[in-house]
Each structure stands twice: as structure tokens, then as C-alpha cells.
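Observations on the model geometry
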Amino acid sequence: MPDLLPFRIHFEDPEIAPLDLDARDAKHARQLAATRRGVPAGAIRKVKIITEIQSSEAAE
């Protein structure tokens, strides 16, 4: 099984909160997000790999 990467998915509708999920690649992340939010893939505005370190993780 390939390694999973952390993604943040942003939607065209500002009423839909961004979604963080783990996926194999951006295409898979887009499919998962559309399914989980119940929207068409065209409703997704941006798919980004999460690279920043959360402040609580950096303190450990």
C-alpha cells in the first residue's frame, strides 16, 4: 500500500468548511472529499498537501 499524504481540500462554497484527509495523491484526495461532503468534484476549489507543522506538535 502506498504511503498516504495529508491534504487540505477547499471548496467553492464558503459555507463548506475545508476538509483535511489522508490520500495517495491529489486525485484520490479530490474523490474522497467529494464523496465525504456529498458534492460534485467541480465544487472543489483547491487541493493542497499540508506541509506546515502544527504548533502543538512543534512543542513536543
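Residues numbered from 1 in each chain as written. Predicted model: local features only at pLDDT ≥ 70, side-chain atom pairs only at ≥ 80, totals over all residues. Heavy atoms only, no water.

In this structure, K46 sits in strand β3 (residues 44–49). Classification of K46 by relative accessible area gives partly exposed; the value is 32%. The sequence separation of K46 and A26 amounts to 20 residues, and the corresponding C-alpha distance is 9.9 Å. (Helix = DSSP H or I, 4+ residues; strand = E, 2+ residues; numbered from the N terminus. Buried < 20%, exposed > 50% of the residue type's maximum accessible area, 1.4 Å probe, protein only.)

Moving on: the sheet that holds β3. Taking strand neighbours across the sheet as the criterion, the 3 strands line up as β2-β1-β3 in an open arrangement whose pairing is antiparallel. The open sheet has two edge strands, β2 (19–23) and β3, and neither has a second partner. Each strand of the sheet is rotated relative to its neighbour by a mean of 30°, with strand direction disregarded. Bridge count for strand β1 (residues 5–11) against β3 is 5 bridges, and the pairing is antiparallel. Following the sheet pairing, H10 is matched in β3 by K46. Against the sheet, helix α1 (residues 26–37) contacts β1, β2 and β3, and its axis sits at roughly 130° relative to β2. (Pairing = 2+ DSSP bridges. Axes fitted to C-alpha atoms, helices over the stretch in contact; angles between N-to-C directions. Contact = heavy atoms within 4.5 Å.)

Locating H10 in the fold gives a position in strand β1. In this view, H10 contacts P18, I44, R45, K46 and K48; residues no more than four positions away in its chain are not counted.

We now examine α1. In this model, α1 (12 residues) spans 16 Å end to end at C-alpha, consistent with the 16 Å of a helix rising 1.5 Å per residue. Looking only at α1, the buried set comprises H28, A29, A33 and A34. Measuring from the side-chain oxygen of the N-cap residue of α1 to the backbone nitrogen of K27 gives 3.3 Å; that N-cap residue is D25. G38 occupies a position one or two residues after α1 and carries a positive phi of about 70°. (Expected span 1.5 Å × (residues − 1). Polar contact = N/O pair within 3.5 Å; in protein donor to acceptor, adjacent residues only side chain to side chain.)

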